Amino acid sequence: MRSLRAISLLGSLMLSACVSTSPPIPPNSLGDFRDTLVQLNQKSTEALTAEYEWNYRNYKRAVKEDESLDPRTLALEFCLGSAFDAAWGSCDVDADTSPVFMVIADSRRDLGKLNQMMVDYANFLMLFNSANSDTRAALEDAAGRIGNSAQSIAANAGLSLNEARFGAFAKIGVGFVEQLLARKQKNGMAAVLADFQPGVQAFADMGSTAMQISAAGVQTEYQTEVQPMKVAILQEQDSTRRLQLVEGLIALNEQTVRQLDVLASLSAAYLSLPGAHGELMSALQSGYRASLHELVGHIEAIGSAYQTLHAPGTD
Amino acid sequence: MTQEEKLELVRFLIFLRGKLQNLSIELLILGEDPSKVDAAEKKLARQINKLRVNLMRSWQGSAANLMADLRKRNERAQRRLRELKDAQDRAGKIADILTDIDDGLSAVLQILP
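Bear in mind that the values here come from a model prediction, so they are computed numbers and not experimental data.

Rules of the game
- Residues numbered from 1 in each chain as written.
- Chains lettered and ligands numbered in written order.
- Predicted model: local features only at pLDDT ≥ 70, side-chain atom pairs only at ≥ 80, totals over all residues.
- Helix = DSSP H or I, 4+ residues; strand = E, 2+ residues; numbered from the N terminus.
- Buried ≥ 20, exposed ≤ 12 C-beta atoms within 10 Å, placed from the backbone.
- Contact = placed C-beta atoms within 7 Å.
- pLDDT = per-residue confidence, 0-100.
- Expected span 1.5 Å × (residues − 1).
- Core = buried A, V, L, I, M, F, W, Y, C linked by C-beta atoms within 7 Å.
- Axes fitted to C-alpha atoms, helices over the stretch in contact; angles between N-to-C directions.
- Parallel < 35°, antiparallel > 145°, perpendicular 65-115°, else oblique.
- Left-handed = near helix turned anticlockwise from the far one by under 90°.
- Nonpolar A, V, L, I, M, F, W, Y, C, P; charged D, E, K, R; others polar.

Moving on, we come to the overall build of chain A. Counting its secondary structure elements, chain A contains 10 helices and two strands. N-terminal to C-terminal, the α/β element order of chain A is α-α-β-β-α-α-α-α-α-α-α-α. When burial is assessed residue by residue, chain A has 33% of its 315 residues classed as buried. Long-range pairs, those at least 24 residues apart, make up 74% of the contacts in chain A between residues at least 6 apart in sequence.

Next up on the list: the overall build of chain B. The number of helices and strands found in chain B is four helices and zero strands. Of the regular secondary structure in chain B, the N- to C-terminal order runs α-α-α-α. For chain B, buried positions account for 27% of its 113 residues. Of the contacts formed within chain B by residues at least 6 apart in sequence, a portion of 74% connects residues at least 24 apart.

Taken residue by residue, chain A gives an average pLDDT of 84. The fraction at 70 or more is 84%. Note that residues 1–21 of chain A has pLDDT below 50 and, in this model, five contacts with residues that lie over four places away or in other chains.

This brings us to the interface of chain A and chain B. Taken together, the 20 residues of chain A in the interface contact 20 residues of chain B. Elements supplying a minimum of two residues to the side of chain A that touches chain B: helix H3 (100–129) and helix H7 (189–235) of chain A. Here the side of chain A that touches chain B takes 13 residues from H7(A), the largest share from any one element.

Glancing now at the environment of B:Ala39. Residues and elements named next belong to chain B. Summarising the element assignment, Ala39 is placed in helix H2 (residues 35–56). Ala39 gets classed as exposed once you count the C-beta atoms within 10 Å, which come to 12. In sequence terms Ala39 and Leu98 are 59 residues apart; their C-alpha atoms lie 10.0 Å from each other.

With that settled, consider helix H1 (residues 3–29) of chain B. Residues and elements named next belong to chain B. The end-to-end C-alpha distance of H1 is 39 Å, a good match for the 39 Å that 27 residues give at a rise of 1.5 Å each. Lys6, Leu9, Val10, Leu13, Ile14, Leu16, Arg17, Leu20, Gln21, Leu23 and Ser24 are the residues of H1 that are buried. One or two residues past the end of H1 sits Gly31, with phi positive at roughly 80°.

Counting residues in each nonpolar core, the largest one holds 86 residues, and the members touching the most others are A:Ile146, A:Ala150, A:Leu266, B:Val10 and B:Leu13. In terms of residue count, the dominant contributor to this core is H7(A) (15 residues). If near-sequence neighbours (up to four positions away) are discounted, B:Val10 is found in contact with A:Ala216, B:Ile48, B:Leu51, B:Arg52 and B:Leu55.

Where H3(A) contacts H2(B), the two axes come as close as 10 Å, and the packing angle between them is 20°. In terms of orientation, H3(A) and H2(B) fall into the roughly parallel class. Note that H3(A) runs across H2(B); the crossing there is left-handed. In this structure, H3(A) uses A:Val100, A:Val103 and A:Ser107 to contact H2(B), whose residues at the interface are B:Asn49, B:Arg52, B:Val53 and B:Met56. Per-class residue counts for the contact of H3(A) with H2(B) are four nonpolar, two polar and one charged.

Another aspect to go through is the confidence of the model for chain B. For chain B, the average pLDDT comes to 80, and 83% of its residues sit at 70 or higher. Under the prediction, the complex receives an ipTM of 0.77, its pTM being 0.80.

Listed below in structure tokens is the structure:
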């Protein structure tokens, strides 16, 4: 009886050795990674919303003062190329009159897609880490979704989705799950993660760049708003009124600096994503939970600032 | 042209816009008419917004030579700006600065699609 049990135990061990050659990543590490990506998604799209609101407010002010406004530039034109295409002002790209806030909205949507794809990827890793025959359909579904998103994000950024730049993200899809499972069985989970590392780096760079573009936008909106304030302070004769103007300018400065700080933290959070992804690989080797301290630290730094972040002057 | 180069160009133009805004205030303090500088600043602001849109939409172009040219123009304009306060021919100095700004903006316009 005892020898039968021993043979059965040996059989189980051999079977599990065939499924995976190394221990899975501690599940909490993947959960932490996914949860941090969810927060990064929320906070980065909120940052672009603040830039959107500020530009929209400055746009309305400019329209109010523009006596030569051509209403044709405000209306949509429906383009011949596609049944669903509409362009602000004109379908001719060179004559595009889209206000900046509309382009920011497009940019926010694209960034949301990128963030969601990274969340989907983290969910995929969680599922893949404990893959069995029951999870196969869900894995294929997730892989298909990630593949479509990666294709669309790269195309929107004007990049070709090649393996040199995006690693396994260039190949992931429904049919790729079989290969990934074989790779995991032969080389282990760390090898699978390493295949995705170039793509994590490339998408993280895109996220960081989006934050830098938004920072340039914030500085531009600030410049548009601050110059009339400086002139008004210079020309104001009444000391009480001048003090009010100075206080308004200081408030604008504080809001602007806070918004730039948030964007800097978000940019740093994106740039620490590849390191956090690398920590998952280390956790796999050591069996300890990945700390992800750098990524989590940047996200936490944004936390309280975000409660008060909104476009200046919208109180 | 990389995204980093594009961002560097936009940041430089934002920096220049700030200098133009301060020049306008400087002229007001000196009792001079800042309207031409204000017009150039507004023109620059429009170009910055155009570049922002292009950055968000992944535009193409070549900025390396332009950046070197703009830096040279900026150094010249800054030197003229320092001389402005004590200049005998203040109107002439302002006209020189505006010429530099116009030339710089034309160079930026050339790389826009």
